[in-house]
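Structural overview for review
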Number of protein chains: 2
Amino acid sequence: MGHTPGMATVPARSADAAAAPRGVRGRPARYSREELLGLIVAVFNERGYEAASMADLAAATGLTKSSFYHHFTSKEEILQMAVDRALDALSAALDESTALPGTAADRLADAIRRTTEILIDELPFVTVLLRVRGNTAVERQTLERRRRIDARLAGLVEEAARAQEIRGDIDPRMVSRLLFGMVNSVHEWYRPGNRTGSRRAIVDATVSIALNGLRPR
Amino acid sequence: MGHTPGMATVPARSADAAAAPRGVRGRPARYSREELLGLIVAVFNERGYEAASMADLAAATGLTKSSFYHHFTSKEEILQMAVDRALDALSAALDESTALPGTAADRLADAIRRTTEILIDELPFVTVLLRVRGNTAVERQTLERRRRIDARLAGLVEEAARAQEIRGDIDPRMVSRLLFGMVNSVHEWYRPGNRTGSRRAIVDATVSIALNGLRPR
DNA sequence: GTCTATATGTTGATAGAC
DNA sequence: GTCTATCAACATATAGAC
């Protein structure tokens, strides 16, 4: 066991969505898809993607269901936007780690660090990503993109093991799974406002525990 | 990122449920709730609890929806049975670790070992447990039981830190979350028949990486 | 761009015959 | 203990007025 996931709190706007800023002629103000997406993703993470109805999502934005459909054509399209944002960020971070000079172990440590940072900075979107199962076409395509990232991470581990910069007694793929399983688990308990540890403390902790384990300093 | 979850394969019986062993007078054979539960939980894990309809569950057992309702009164009752099985196993394992003589670090290592073993041995049930969100009363009660277990595990870490048997430079609660986040992540990729590593290899790996990290031996 | 109203299907759960 | 038939509630999505 680890930390028990609590329920994320939906941002303030949804509670008083009816009191949202209004444009001319009493009409609700217009929002970009990006702005709406943030409100929607909060509902996904609170209720679960499957359990969140389009009515729930519309209510969170302060729109009626129909107006909501004017901005998004389907629930799956919204999922696509959310996971793409997370996947793009993770891919970009991995690109940077891979391009780093120095030892293979340095690149691996950097990947652990950057991945943890993305997890924290893009928490709601990464959370949606990590919960995708594979029931629909969009979900399966999402899993495929994730697998490619996982394979690249496993490659970094293997490279470091081959250079004997890290231990070589455990299958690199298993090492990679366990390490990034630890990193990903941060999404289950990290909440921005909390005193569960600052961003800096969490990032340092994942890197240091990955490298040194529980050994006394 | 870590390992991308694949879709669990529903056991053979569900595919040819119509060809299941039959009792007298052409009627399907009777199954105990325990037997049925195994078939059901496989569907929960493939489709997700929310997405799995009672029709899906009934089909997996080879029963009609109505006959199915003769065995289980509601979907939530089934969830309760599944998570209880996982929680009971985890609690019992933790009891044993806590009762162990020796150092606090020994007890912690034992808890990591035993928790990993339960994860593997009770994989389908633990998987259901780890995905519970908190939308209904049963789910919230489940999260509460999980929290109690998490708190006990964090207690083991703190005890070892206070005895200076493990590093003391990171908040024990964060250490506990990361460690058991790593352990729990096994459920995302371990599949019984696979060559992703034997039970023994996985258990040794979680314990050893927790204790030593990536350091070369 | 928003709204009310509604089409169309699926959901969890039940009634009652055999 | 199984079945067929059915329910009310709710799902995603659309039509058309303003």
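Above this text sits the structure in question.
As a starting point, this report considers the structure included with it. Quick caveat, the model's predicted, so the values are computed rather than measured.

What follows is about the relation of the copies chain A and chain B. Under the fitted operation, chain A is carried onto chain B by 0.0 Å of movement along the axis and a turn of 180°, and the coordinates agree to an RMSD of 0.0 Å. In symmetry terms, the pair is related by a two-fold rotation axis. Interface residue correspondence from chain A to chain B reaches 100%, placing this contact among same-surface, isologous pairings.

Each partner contributes residues to the interface: chain A has 63 residues there, and chain B has 63 residues. Note on chain A versus chain B: buried area summed over both sides is about 5,800 Å², and carbon and sulfur give 60% of it. Between chain A and chain B we count 2 salt bridges in total. Here R217 of chain B ties to D169 of chain A by a salt bridge, and the two come within 3.4 Å at their closest N and O atoms.

Another aspect to go through is unusual backbone geometry. Residues other than glycine predominantly adopt negative phi, and peptide bonds predominantly adopt the trans conformation. Phi is positive for Q164 of chain A, close to 60°, though the residue is something other than glycine. Among the structural elements, Q164 of chain A can be located in the loop between helix 8 (137-162) and helix 9 (172-184).

This brings us to the pattern of salt bridges. Residues and elements named next belong to chain B. In the structure shown here, the tally under the stated rule is 40 salt bridges over all chains. Between D84 and R145 there is a salt bridge; the shortest N-O distance is 3.4 Å. Placement of the pair is D84 in helix 5 (residues 75-99) and R145 in helix 8 (residues 137-162), with a sequence separation of 61 residues. Between D95 and R152 there is a salt bridge, and its shortest N-O distance comes to 2.9 Å. Taken together, the residues D95 in helix 5 and R152 in helix 8 connect sequence positions 57 residues apart. The class for R152 is partly exposed, based on a relative accessible area of 34%.

For the rest of this paragraph, the subject is helix 2 (residues 33-47) of chain B. Since there are 3.6 residues in each turn of an α-helix, residues three or four apart along the chain are aligned in direction. Between its first and last C-alpha, helix 2 of chain B extends 21 Å over 15 residues, near the 21 Å set by a 1.5 Å rise per residue. Residues of helix 2 of chain B that are buried include every one of L36, L37, L39, I40, V41, A42, V43, F44 and N45 of chain B, and no others.

Ranked by size, the top nonpolar core spans 138 residues in total, and within it L57 of chain A together with L57 and F68 of chain B carry the most contacts. With residues up to four places along the chain from it excluded, the contact list for F68 of chain B reads I40, M54, L57, A58, T61, L63 and I78 of chain B.

All names here are of chain A. Following the criterion strictly, the structure yields 4 aromatic pairs over all chains and no others. Judged by centre distance (5.2 Å) and plane angle (45°), the rings of F68 and F72 are tilted. For K75, the ring lying beneath its charged end belongs to Y49, and the centroid distance is 4.9 Å.

Criteria and cut-off values
- Residues numbered from 1 in each chain as written.
- Chains lettered and ligands numbered in written order.
- Predicted model: local features only at pLDDT ≥ 70, side-chain atom pairs only at ≥ 80, totals over all residues.
- Heavy atoms only, no water.
- Least-squares fit on C-alpha atoms with pLDDT ≥ 70 in both.
- Contact = heavy atoms within 4.5 Å.
- Buried area = accessible area lost by both parts, 1.4 Å probe.
- Salt bridge = Lys/Arg side-chain N within 4 Å of Asp/Glu carboxyl O.
- Helix = DSSP H or I, 4+ residues; strand = E, 2+ residues; numbered from the N terminus.
- Buried < 20%, exposed > 50% of the residue type's maximum accessible area, 1.4 Å probe, protein only.
- Expected span 1.5 Å × (residues − 1).
- Core = buried A, V, L, I, M, F, W, Y, C linked by side-chain atoms within 4.5 Å.
- Phe/Tyr/Trp six-rings, centres within 6.5 Å; stacked < 30°, edge-to-face > 60°.
- Lys NZ or Arg CZ within 6 Å of the ring centre and 35° of its normal.

Without other data, these values stay purely geometric and don't point to any function.
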